[in-house]
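Structural overview
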Amino acid sequence: MPHSPHPNIMTMPSESLPSFKIALLGAAGGIGQPLSLLIKSQLHLAVSAGATRIHLAMYDVAAETLVGVHADLAHIDTPVAVSAHFPGGDAAHSLGSCLQGADLVLCPAGMARRPGMTRADLFATNASIVRSLARDIAMHCDLATVHVLLISNPVNSLVPVVVRTLQQCELQPSGIEKRVLGVTALDATRASTFLGEECGNLHDFPRVPVIGGHSGATILPVFSQCPQADDLSQQTVAKLVQRVQNGGDEVVKAKNGKGSATLAMAHCGFRMLAQVSRMLIHRDGDIAASAYVALTHADGTPVAPGAQELMARNGGLHYFAVPITLSPQGVEEIRYRIVDYLNYNELNELLPVCIEHLRKDIELGVQFQLE
Ligand code: NAI
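Residues numbered from 1 in each chain as written. Predicted model: local features only at pLDDT ≥ 70, side-chain atom pairs only at ≥ 80, totals over all residues.

Brief notes about the nonpolar core
- V105, C107, L149, L150 and V162 are the most contacted members of the largest nonpolar core, which totals 117 residues.
- Those residues in contact with V105 that lie beyond four places of it in its chain are A23, L25, L99, I137, C141, V146 and V148. (Core = buried A, V, L, I, M, F, W, Y, C linked by C-beta atoms within 7 Å. Buried ≥ 20, exposed ≤ 12 C-beta atoms within 10 Å, placed from the backbone. Contact = placed C-beta atoms within 7 Å.)

Spelled out as structure tokens, the structure:
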């Protein structure tokens, strides 16, 4: 068992000031470490935290690594407080104390892909991990307010596992399904980067909406929504689509057995985290975001306006990556119109394949035993 971090976690926030707490589960991993660094070094600036004290509570089962990462980060002179939590830690360093009072839980915990593996190959291991963590979230967080950002793969199947587990644990309907967001931001960033490179525009990267899911053919970059792509041939756009869909494989191959995307993921995860944190800290209105979300409550009713309309267009799937409007209460609107603007190829070639694959991925998550 590692030494507990210094008991006076001098970086803990003062009780008297307003505070904002992020629990990062899987903080010692390939994504968790750079994400922790970005949070510790940048988040207070990115959200204009003012008097609000930000607290990053890091948890990982790799206790020794986590304690070392905490000691390292704790030497950075920013006002973001950091604390370390691990199995076998005392009460102040337990998973419960990590989650207690968290406004936002960010989860990259679990196994990453190695060459030759698909995201689906990770399912059995990672579904058990996120199911167990979701039970802890239900036990220690306020399900009526907490936001959960899930990075662990396969996102397409694990978001249903997390949503169902939290629903099973809630004592009364809390609307938690409106606040579980599967992080698909890396797909949009890759689409933006690859299109910018193709157009020779490396200063003002275009924003490319990406819908569907976060795995292979379920990733549907909507290049038709980008004027920058107008002049590209169909063949070039098809190549860009392929590259976005297989962007993760490019990195897995290049790292040759030493992991999957971590740095670009930390960058995208941080951007999304900062966006959601800013909204939660300042409470100054809704924001536009994009994520893989549940479209229905446990009783089958739509989570928000636009959900029913999207299901009429996505073959009735109950989970989908889509532009959303997000408030502190969670998803306020599903911006389903994006599907109406798809061009002929996106609508008739890419969307049907996306739906076919995504249906199976969702089924896998929905069938997973919660007991
Ligand atoms: P990694 O293996 O480097 O780190 C995972 C960390 O999770 C390890 O430190 C491990 O000790 C920890 N962990 C395992 N079980 C845990 C538990 N029960 N509680 C807390 N921590 C636990 O993997 P990496 O590269 O950080 O990737 C993490 C996940 O993110 C993978 O599933 C990967 O496929 C996924 N990913 C998702 C992306 C996305 O766009 N959503 C992009 C890239 C990766």
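Topic: the UniProt feature "domain: Lactate/malate dehydrogenase C-terminal" (unreviewed entry) in the chain
- Annotation from UniProt places "domain: Lactate/malate dehydrogenase C-terminal" (unreviewed entry) at residues 184–368.
- Regarding residues 184–368, the helix share stands at 46% and the strand share at 15%, and the terminal C-alpha atoms are separated by 22 Å. (UniProt positions renumbered as here; feature names shortened; annotations may be inferred. Helix = DSSP H or I, 4+ residues; strand = E, 2+ residues; numbered from the N terminus.)

A closer look at unusual backbone geometry
- For the peptide bond that leads from N153 to P154, omega is -5°, which places it in the cis range.
- Structurally, the position occupied by P154 is in the loop between strand 5 (147–150) and helix 5 (155–169).
- The phi dihedral of N256 is positive, around 45°, even though this residue is not glycine.
- Relative to the elements of secondary structure, N256 occurs in the loop between helix 8 (247–255) and helix 9 (263–282).
- Look at N256 and you get exposed, because 9 C-beta atoms sit within 10 Å.
- Phi is positive for R283, close to 50°, though the residue is something other than glycine.
- With respect to the helices and strands, R283 occurs in the loop between helix 9 and strand 9 (287–294).
- On the neighbour-count criterion, R283 (9 C-beta atoms within 10 Å) is exposed.

Structural notes on the site of the ligand
- Lining the immediate environment of the ligand, one finds 33 residues, of which G26, G29, G30, A112 and N153 sit closest.
- With three residues, helix 4 (residues 123–140) is the single largest residue contributor to the shell around the ligand.
- Residues that form the shell around the ligand fall into these classes: 19 nonpolar, 12 polar and two charged. (Near = placed C-beta within 6 Å. Nonpolar A, V, L, I, M, F, W, Y, C, P; charged D, E, K, R; others polar.)

A look at helix 5
- For helix 5, built from 15 residues, the straight-helix expectation of 21 Å at 1.5 Å per residue is met to within 8% by its first-to-last C-alpha distance of 21 Å.
- Three or more residues of helix 5 are buried, namely V155, N156, S157, L158, V159, P160, V161, V162, V163, T165, L166 and Q167.
- Buried residues along helix 5 sit against helix 4, strand 5, strand 6 (180–182), strand 9, strand 10 (319–327) and helix 11 (344–367). (Expected span 1.5 Å × (residues − 1).)

A word on the environment of L24
- Structurally, L24 can be placed in strand 1 (residues 19–25).
- On the basis of neighbour counts, which here come to 30 C-beta atoms within 10 Å, the residue L24 falls in the buried class.
- Spatially, the C-alpha atom of L24 lies 22 Å from that of A321, the residues being 297 residues apart in sequence.
- If we ignore the near neighbours within four places in the chain, the residues touching L24 are G32, L35, S36, L56, M58, Y59 and L106.

A look at the UniProt feature "binding site: substrate" (unreviewed entry) in the chain
- When the UniProt feature table is mapped to this numbering, "binding site: substrate" (unreviewed entry) covers R113, R119, N153 and R190.
- In this structure, R113 sits in the loop between strand 4 (104–107) and helix 4.
- For R113, a count of 20 C-beta atoms within 10 Å gives the class buried.
- Here R113 is in contact with R119, L122, V252 and S260, once residues within four sequence places are set aside.
- Following the sequence through the fold, N153 ends up in the loop between strand 5 and helix 5.
- You can call N153 buried: it has 26 C-beta atoms within 10 Å.
- In this structure N153 touches R119, L122 and N126, once residues within four positions along its chain are discounted.

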